[in-house]
Amino acid sequence: MCGIIGAQGARQEVLAKGLDAFAYRGPDARGFAEGPCALGHARLSIIDLDPRSNQPMSDRSGRYAIVFNGEIYNFRELRDEMRREGAQFRTLSDTEVLLEAYVRWGAAMLPRLRGMFAFAISDTREKRVFLARDHAGIKPLYYATAGGLAFASELKGVVSLLRARGMDLHIDAHALALYRAFG
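The following paragraphs examine the structure supplied in this document. (Residues numbered from 1 in each chain as written. Predicted model: local features only at pLDDT ≥ 70, side-chain atom pairs only at ≥ 80, totals over all residues. Heavy atoms only, no water.)

Looking only at helices and strands, one finds 5 helices and 9 strands in the protein. Start at the N end of the protein and walk to the C end: the helices and strands fall as β-α-β-β-β-β-α-α-β-β-β-β-α-α. Here the protein has a C-alpha radius of gyration of 16 Å; the compact-globule value for 183 residues is 16 Å, and the two agree. Considered along the principal axes of its C-alpha atoms, the protein spans approximately 55 × 35 × 30 Å. By the burial criterion, 46% of the 183 residues in the protein qualify as buried. On the protein, roughly 9700 Å² of surface is accessible, and the fraction owed to carbon and sulfur atoms is 51%. Taken together, the 25 basic and 21 acidic charged side chains of the protein have centroids lying 1 Å from each other. (Helix = DSSP H or I, 4+ residues; strand = E, 2+ residues; numbered from the N terminus. Rg over C-alpha atoms; globule rule 2.2 N^0.38 Å. Buried < 20%, exposed > 50% of the residue type's maximum accessible area, 1.4 Å probe, protein only. Areas by Shrake-Rupley, 256 points an atom, 1.4 Å probe, with all protein chains shown as cover. Lys, Arg positive; Asp, Glu negative; His and termini not counted. Charge placed at Lys NZ, Arg CZ, Asp CG, Glu CD.)

Set out below in structure tokens:
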């Protein structure tokens, strides 16, 4: 149960404060990557205990960086397929497989994934970020676009990022009523 966080134009200190709000999600390691969309990760090591699997993880070119929460059940099959096509992997992690899948197939990789996941991939060349979560929403991914993209695996992380931007946050009574009515 890792924790992910990110925001356009955010500094590491702001992301660290946001991760503090849900530090229990990843007690094994913390990492940050700056860029057009800064990324933060709190790691709970499960599949690959090697520190090379810490996140954010970058691809070999340094163009892409990923933060990921979840598990890709068919990552071994995907890794084997990509190896047959010439891919080389540095770790045994599903995170690296997920990143390589995006580098190779872009958003078209989503239907190929089996698992529960929420992730963000930052593209430093195109200055954009790709966010995705599993279809059932097992792994949460909250986001806001006010003042630029901000996201986290817990709502309190997004709130922390918005407060750091000086936003006046209040409860929208109408939205709350809709939430109560429809979940």
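Back to the text.
What follows covers the sheet that holds strand β7 (residues 128–133). With antiparallel pairing, the 4 strands of this open sheet are ordered in space as β4-β5-β6-β7. Each of the sheet's edge strands pairs with one partner strand only, and the pair in question is β4 (57–58) and β7. Two strands pair when backbone bridges link them, and strand β5 (residues 64–72) and strand β6 (residues 115–123) are joined in this way by 9 bridges, in the antiparallel orientation. Bridge pairing in β6 places G70 opposite F117. Across the sheet, helix α3 (residues 94–105) lies against β4, β5, β6 and β7, angled at about 125° from β5, the strand it touches most. (Pairing = 2+ DSSP bridges. Contact = heavy atoms within 4.5 Å. Axes fitted to C-alpha atoms, helices over the stretch in contact; angles between N-to-C directions.)

Quick look at unusual backbone geometry now. Phi is positive for K127, which is not a glycine, with a value near 55°. By the element assignment, K127 lies in the loop between β6 and β7.

With that out of the way, let us pick up the packing of aromatic side chains. Applying the stated criterion to the full structure yields 4 aromatic pairs. Relative to Y102, the ring of Y64 has its centre 5.7 Å away and its plane inclined at 80°; by these criteria the two rings are edge-to-face. Linking Y64 in strand β5 with Y102 in helix α3, this pair joins segments that are 38 residues apart in sequence. Relative accessible area serves as the criterion here: at 9%, Y102 is assigned to the buried category. Members of the aromatic cluster, joined through ring pairs, are Y64, Y102, F117, F119 and F130. (Phe/Tyr/Trp six-rings, centres within 6.5 Å; stacked < 30°, edge-to-face > 60°.)

Time to look at the sheet that holds strand β1 (residues 3–8). Strands sit in the order β2-β3-β1-β9-β8 across an open sheet of 5 strands; the sheet is antiparallel. Looking at which strands have only one partner, the edges of the open sheet turn out to be β2 (29–33) and β8 (142–144). Sheet twist, expressed as the average angle between the axes of neighbouring strands with direction ignored, equals 10°. Taken together, the 5 bridges between β2 and strand β3 (residues 37–43) define a ladder with antiparallel strand orientation. Of the residues in β3, the one forming a bridge with G31 is H41. Its contacts with the sheet place helix α1 (residues 12–20) against β1, β2 and β3, and it is angled at close to 145° to β2. Packing against the sheet, helix α4 (residues 155–164) makes contact with β1, β8 and β9 (150–152), and its axis sits at approximately 150° to β9.

A word on the pattern of salt bridges. Under the definition given, this model contains 8 salt bridges. Each of R63, D123 and E126 takes part in salt bridges that share partners, so that together they form one network. (Salt bridge = Lys/Arg side-chain N within 4 Å of Asp/Glu carboxyl O.)

So, on to α4. Quick reminder: α-helices carry 3.6 residues per turn. Residues three or four places apart thus point the same way. Among the residues of α4, G157, V158, S160, L161 and L162 are the ones counted as buried. Note on α4: the residue one or two positions beyond its end, G166, has a positive phi of about 80°.

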